Structure formats: C-alpha cells, structure tokens
Amino acid sequence: LNTPAPSTANILATVEEEVGLKLYTTWLVEVRPVHYIVLQGGSTSWQVKAGAAALPRGGILNSEVSCFDALGRKFQACPLDLKSRPSRFDLTKLMPTAGNSYNISAVGNGYTVLRMEDKTTGLSAWGVLQVGEAMTAPVSMSVGDVIQLNAHLQNTQQGVWSVEPAGHVALTNNGLAVAKRTGLAKIKFTTKQGDSFVREVNIGKATSVTFPSDTVITCKEEPTLIPFQFQGGVYSGVLDTDSPSLNYGAKCSLSSDTIDVAAFNVDAVLTPSGWACKLSCNGPADDLPGSLSLSVMTSEGVLDSKANIEYVPPFSVSSPVLEVGPRGGQLIVTGHVDVLTGLTTEK
C-alpha cells in the first residue's frame, strides 16, 4: 500500500473454523500521502495546576508524532523513521519508545525548541517547551527559616515530601519546611505514581536571634510564650498554634544564678506568628523574685543573643468572687512584698 498518489485498497481476511467453516471479512483502506507531521504531548501520570505554563522540572512527558493529510485528517497508521534534536541539550532528554512516541524528561529550567524529522519524507515537526520549577521554594535559606512548600501539581496530598541528605530540612506531611543544618539540600516531592520532582536549596548559618525586651514571667496554669526571631529569617506557612518543633533543630534553654531553673520546662515551638520559647512550671518555684537568662540553640550551636527575663513569684487571692454587703466586702491578697507593692486597684 506504499503509493505516492491517493488510492484505495480492499483487504480480505479469512478465518477457518475447526469444522471447516470459513468466515470472510473485508476492509476498505484509503491510502493518501502524508502532507505534514505534528509533535503532540500525550498522557502523564501527573497534572499541573491550572495556569501553569511550564513543564515541571523532573517530570516526564509522553509525546507522539502524528501524520496528517492535506485536508488536516489524522492518519490512523503512519510509520516514520524519526530523528530528534533539541535546541538546548541541557534542558531535556529524549528517549524513543514504541512507534512514533518519545519520553521527554525535563532536567533544566528554560526554553528549548524540539525538532522531529522523518528521514524518509524529510518532513519536520517542531515544538517549543518551557521547563520550570515543580515547586515554590527559595534557592537559599538560613537555619531556622520556616516556609510552606507548594508543588505546581494537582492532588499533592497524595504525594510524599522528602529531603536529601536527611537532617538538613525538617518536613511535615503537608510540605512545611524548617531549615535545620547548613549545606546543600535536595527537597523532593514524589507522586503516588512514583514521579519525583526536586528543588535544590542552599542553607546558610543563622547568626543571632532577637527577643522582646522587658519580659516578666510568673508561674501560672497556662504556659508563657516568649517569641523570638532569627536574624533576617523567613517565617510563613504555620497554621497550627504550638506546633511541635523539638525535631526541627531549635531548642530553648534557661540559666540563672538566683533561681533554680529545674522548676521550669522550656521548649521551642512554632506558632502562626513565629518561633517562641514556651515556659511552664513543673513544680514549686522560688518564693523570691529573680532573673533568668533565655538562649536559643540550633544544630550549629548556641546563638549570640540572649533574653533577660524577670521572674516574680505568683500571688494568691482569697476568693475569685467578691461579695459586697452593707459593710462592704473584703479580699485577702497574699504574696511577696515586691510583688504586692506593684499591684494596683481600679474602681
């Protein structure tokens, strides 16, 4: 059926049964010359989000070269002897598969032009491809930075976040990333089907932290949160208050020359507004006022800045309800004299 001019042919097929019965069927096949070929993208195991124009780096696109006649009708069968050439060899890798199909692997960011040429007819198909990052993430972070990673793919809740080497970045199941250790980290998102998308992030050292001034604490039922901020740090994406962060590389510690610090528990936590040291009393604290020193340590060591905290013993009130009679009412407040002299009353 290899003819340069349009023609038709009848194909006869015969099937003979075991009992000698023969069955016949025919097809009418129209043969036309190929007028042009087109490079088309095929199916993938992932889908980009709406509005995304680039092929995510790390993804594999199944493509196919199709044949068309002069009227734009697509051929159902069109064997081609293809050779491929991209304008840039550092952005994509092409691997031929069955028939006229290719797997295009996106390995670098940028634009490239793909050319597919049929060696027999000399016809060519062209395609312009843009490769971009598969996820929203900075190229550099500092220890203590907290960001929410987002993959430009649909159904990311079915994928898995990971990092290489382990320990440089702490990751939650929903892609919340906390920089823990200096060095180059490769953050990877793997889809349910096994496709992997990678982003390289360079993590630098954190130099210091800042604390609020004039912090005063006392022992009470609810823990006290003392916020702190890494110098020049980035913080976003934390939705849950008091998110556990002991495995995220930051620790708070207390020291004092006047107060037994064993009476306090102190942990580093993540809050929607930033890092914080959570202080709580685990037993009877001192009855005298005193000073505490609060510091923050990462995997790189203790940071320079410290917070000076004033501790005041708690005072007690005889009754939470004041009953006023004809002769008035009375409340008894007991506590350390330095605390009681600082109390004020309002009418």
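Computed from a predicted model, the values in this text were never measured in an experiment.

1. What about the sheet that holds strand 18 (residues 183-190)?
Alright, step 1. The 4 strands lie next to each other as 12-19-18-15, forming an open sheet whose pairing is mixed. If you trace the sheet from one side to the other, it starts and ends with strand 12 (140-142) and strand 15 (160-164), each paired once. Shown here is a sheet whose adjacent strand axes are inclined to one another by a mean of 30 degrees, direction ignored.
Alright, step 2. When strand 18 meets strand 19 (residues 196-204), the two strands line up antiparallel, connected through 8 bridges. Across the sheet, the residue bridging to Lys 188 is Val 198, located in strand 19.

2. A few points about unusual backbone geometry
Alright, step 1. Residues Glu 164 and Pro 165 are joined by a peptide bond in cis, for which omega reads -10 degrees.
Alright, step 2. Despite not being glycine, Asp 214 shows a phi value in the positive range, around 55 degrees.
Alright, step 3. Mapped onto the fold, Asp 214 is located in the loop between strand 20 (209-210) and strand 21 (215-217).

3. So, the side chain of Ser 63
Alright, step 1. When you line up the elements, Ser 63 lands in strand 5 (residues 60-68).
Alright, step 2. Note on Ser 63: relative accessible area 4%, which makes it buried.
Alright, step 3. The residues touching Ser 63, leaving out its near neighbours within four places in the chain, are Leu 39, Gln 40, Gly 41, Gly 42, Asn 100, Ser 101, Tyr 102 and Ile 104.

4. Some points on the packing of aromatic side chains
Alright, step 1. Counted according to the given criterion, the structure contains 7 aromatic pairs.
Alright, step 2. Judged by centre distance (5.9 Å) and plane angle (45 degrees), the ring pair of Phe 211 and Phe 228 falls under tilted. Pair noted here: Phe 211 is in the loop between strand 20 and strand 21 and Phe 228 is in the loop between strand 22 (224-227) and strand 23 (229-230), with a separation of 17 residues, a long-range link.
Alright, step 3. Here the aromatic residues Phe 211, Phe 228, Phe 230 and Trp 275 are joined through ring pairs into a cluster of three or more.

5. Some remarks on the nonpolar core
Alright, step 1. With 72 residues, the main nonpolar core has Phe 228, Phe 230, Phe 264, Trp 275 and Leu 294 as its most contacted residues.
Alright, step 2. In this structure Phe 228 touches Val 209, Thr 210, Phe 211, Cys 252, Trp 275, Ala 276, Cys 277 and Val 296, once residues within four positions along its chain are discounted.

6. Some thoughts on the confidence of the model for the protein chain
Alright, step 1. Of the residues in the protein chain, 90% have a pLDDT of 70 or more, and the chain-wide mean is 83.
Alright, step 2. Confidence scores differ between elements of the protein chain, with strand 24 (residues 243-244) showing the lowest mean pLDDT of 59 and strand 9 (residues 110-118) the highest of 93.

7. Regarding the environment of Gly 274
Alright, step 1. Along the polypeptide, Gly 274 turns up in strand 27 (residues 274-281).
Alright, step 2. Taking relative accessible area as the criterion, Gly 274 reaches 9% and is therefore assigned buried.
Alright, step 3. The residues touching Gly 274, leaving out its near neighbours within four places in the chain, are Tyr 235 and Val 269.

Parameters and conventions
- Residues numbered from 1 in each chain as written.
- Predicted model: local features only at pLDDT ≥ 70, side-chain atom pairs only at ≥ 80, totals over all residues.
- Heavy atoms only, no water.
- Pairing = 2+ DSSP bridges.
- Helix = DSSP H or I, 4+ residues; strand = E, 2+ residues; numbered from the N terminus.
- Axes fitted to C-alpha atoms, helices over the stretch in contact; angles between N-to-C directions.
- Buried < 20%, exposed > 50% of the residue type's maximum accessible area, 1.4 Å probe, protein only.
- Contact = heavy atoms within 4.5 Å.
- Phe/Tyr/Trp six-rings, centres within 6.5 Å; stacked < 30°, edge-to-face > 60°.
- Core = buried A, V, L, I, M, F, W, Y, C linked by side-chain atoms within 4.5 Å.
- pLDDT = per-residue confidence, 0-100.

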